[in-house]
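# Structural overview
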Amino acid sequence: MVNSEDLRHMRRALDLAKKAEGCTSPNPLVGAVIVKDGTVVGEGYHQKAGTPHAEVHALAMAGERTVGSTVYVTLEPCSHHGRTPPCAQALTEARPRRVVVAMEDPNPLVSGRGIAMLRQAGVEVEVGVMAEKARLINLPFIKYITTGKPLVAAKMAVSLDGKIATRTGSSQWITGEKARQRGRYLRHRYDAILVGINTVLADNPRLTVRLPGRETINPLRVILDSRLRIPLDSHLLDVNDAPTLVVTTDASDAAKRKYLADQGVNLLVQDGNTSINLNELLTELGQRQITGLLVEGGAAVHGSFFDQDLVDLLYLFMGYKIIGGKDAPGPIAGLGVAAVEQAKAFDLLKMDRYPQDLGLLLERRHSCLQD
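Structural notes, computed from the coordinates. Everything quoted here is computed from the prediction, not taken from an experiment.

Below, the discussion takes up the sheet that holds strand E14 (residues 357–364). Read from one edge to the other, the open sheet built from nine strands follows the order E10-E9-E8-E7-E11-E6-E12-E14-E13, with strand pairing classed as mixed. With one partner strand each, in any of the chains shown, strand E10 (266–270) and strand E13 (346–353) form the two edges of the open sheet. Strand-to-strand twist in this sheet, taken as the mean axis angle between neighbours without regard to direction, amounts to 20°. Summarising the sheet, strand E7 (residues 192–196) and strand E11 (residues 292–297) pair through four bridges and their orientation is parallel. Bridge pairing in E11 places Ala192 opposite Leu293.

What follows is the structure, given as structure tokens:
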């Protein structure tokens, strides 16, 4: 039975794990806390792929005090040799009395083996304390490690009546500064951010994080541009800001492709006519160890992802404004569904209230992330 002490220490472990948001990919976020006689004697979190795991940091701090302790860890300790030794083995050698695990590792190389290793060594193991909280912080990792493709999160800002701009195209700003700051933080949380060429032509965005202390940590910028219409003076072609991947087709201008490649721009050239194969793109991004993709639009791009049922999460920021007008655009174009019963259902995971806005996080119902 879960007690208040277990909840308190696991909550601390989750807070530690979240300190590394945007830094551990393709590895998961993990935090660990070691408690002996009611006192925290060690704690740590995984800070970057290839560096020691959370348990190793916590064990180093606790030292011999780990003997007979309770260890709280947000994800099952690994049982395989990767870039670092298995944490389950390190824990058994440290001889804690009990290990509390928030959730089993979905990685097929682990998937219960770390828990079994601990139990075989005589360590009491409890699994499932704050499991849902642990799942939510690692949704990109779960999708990537189980499918080989990145989690797809769509982000959009709308008015109360579901508009993204007025009939004349004016859109700044539908939401307030707090919501926009949260949106910029999401760029730090995800490995890659995607827009369509129409957004590039209309806004000439930079798609960088621009948050204090995180200015140099920017995601891969992915542009869907089947005919390679991107202007040569586009901010997105400045690879000193952040890496850029332009996704186009072999029907685009070969000379322009070569010029962009010579400038350091990455290109993914798909076979076919003038349309981008999104499933093929997601497979390619997964092979590049992109665990999470933030899709910022515009409406045509969102429509393509929703029509093909590729969206796992939805970040919806709603400004407390009415725009009106039958010609004012909405956030999702594409074909859509023919009947309401065909609509794609989402479940509310989180709701944030800002001074001028409402922020919703929703998850696609019956997705692979919920298994």
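Additional details are given in the paragraphs that follow.
Further remarks concern the nonpolar core. By size, the foremost hydrophobic cluster in this structure holds 64 residues, and its most contacted members are Met10, Tyr190, Leu313 and Tyr315. Here the element with the most residues in this core is helix H1 (residues 4–18); it accounts for five residues. The residues touching Tyr315, leaving out its near neighbours within four places in the chain, are Ala153, Ala154, Lys155, Met156, Leu186, Tyr190, Leu294, Leu360 and Leu361. Core analysis: the next-biggest nonpolar cluster, separate from the first, contains 31 residues, Val158, Leu220, Leu281 and Ile290 among them.

Within the secondary structure, Gln270 sits in strand E10. You can call Gln270 buried: its relative accessible area is 1%. Note: C-alpha distance between Gln270 and Gly196 (74 residues apart in sequence) is 16 Å. In contact with Gln270, not counting residues within four places along its chain, are Val247, Thr248, Thr249, Asp250, Ser275, Ile276, Asn277, Glu280 and Leu281.

Another aspect to go through is the layout of surface pockets. Within this model, the largest pocket holds a volume of roughly 1500 Å³. Forming the boundary of the largest pocket are 49 residues, of which Val195, Thr199, Asp203, Glu296 and Gly298 lie nearest the centre. Looking at the lining of the largest pocket, the elements with two or more residues in it are strand E6 (151–158), helix H7 (177–189), E7, helix H8 (197–203) and helix H11 (299–307). Looking at the lining of the largest pocket, the element that brings in the most residues is H11, giving six residues. Roughly 600 Å³ of volume is contained in the second largest pocket. The wall of the second largest pocket is formed by 27 residues, among which Leu136, Ile137, Arg182, Lys350 and Leu361 lie closest to the centre. Counting only elements with at least two residues in the lining of the second largest pocket, the list comes to H1, helix H5 (131–137), helix H6 (139–147), H7, strand E12 (313–319), E13 and E14. Its residues placed into classes, the lining of the second largest pocket shows 17 nonpolar, one polar and nine charged.

Listing the buried residues of helix H9 (residues 254–262) in full gives Lys256, Arg257 and Leu260. End-on view of H9: buried residues confined to an arc of 105°, all on one side of the axis. H9 presents Ala255, Lys258 and Asp262 as exposed residues on the side facing more than 90 degrees away from its buried surface. For H9, the elements touching its buried residues are strand E9 (244–249) and E10. The N-capping residue of H9, defined by a side-chain oxygen 2.8 Å from the backbone nitrogen of Ala255, is Asp253. Once H9 ends, the next one or two residues include Gly264, with phi positive near 95°.

Basis of the calculations
- Just so you know, the residues in each chain are numbered from 1, in the order the chain's sequence is written.
- At least 70 in pLDDT is required for a residue's local features to be given in this predicted model, at least 80 for side-chain atom pairs to be given and counted, and no such filter applies to totals for whole chains, interfaces and linings, which use all residues.
- Excluding hydrogens and water, the side-chain values take into account all heavy atoms of the structure.
- In this analysis, strands are considered paired if DSSP registers two or more bridges between them.
- By definition, any uninterrupted DSSP run of H or I lasting at least four residues is a helix, any uninterrupted run of E lasting at least two residues is a strand, and each is numbered from the N terminus.
- Every angle, taken between N-to-C directions, lies between 0 and 180 degrees, and every axis is a line fitted to C-alpha atoms, over only the stretch in contact when it is a helix.
- Buried Ala, Val, Leu, Ile, Met, Phe, Trp, Tyr and Cys residues that are joined via side-chain atoms within 4.5 Å together make up what is termed a nonpolar core.
- Each residue is assigned to one of three classes by its accessible area relative to the maximum for its type, calculated with a 1.4 Å probe on protein chains only: buried under 20%, partly exposed between the two thresholds, exposed over 50%.
- Every residue pair with non-hydrogen atoms within 4.5 Å of one another is taken to be in contact.
- A cavity here means a set of 1 Å grid points, computed over protein atoms only, where a 1.4 Å probe fits but cannot escape. A pocket is an open set with protein on both sides within 12 Å along at least 5 of 7 lines, and lining residues have an atom within 4 Å of a point.
- Grid points are joined across faces, edges and corners, and a volume is the space filled by probe spheres set on the points.
- Charged means Asp, Glu, Lys or Arg here, nonpolar means Ala, Val, Leu, Ile, Met, Phe, Trp, Tyr, Cys or Pro, and polar covers whatever is left, Gly included.
- Think of the arc as the fan of directions from the helix axis to the C-beta atoms.
- N or O atoms within 3.5 Å of each other form a polar contact, as long as, within protein, one can give a hydrogen and the other can take it, and as long as residues adjacent in sequence are counted only when both atoms are side-chain atoms.

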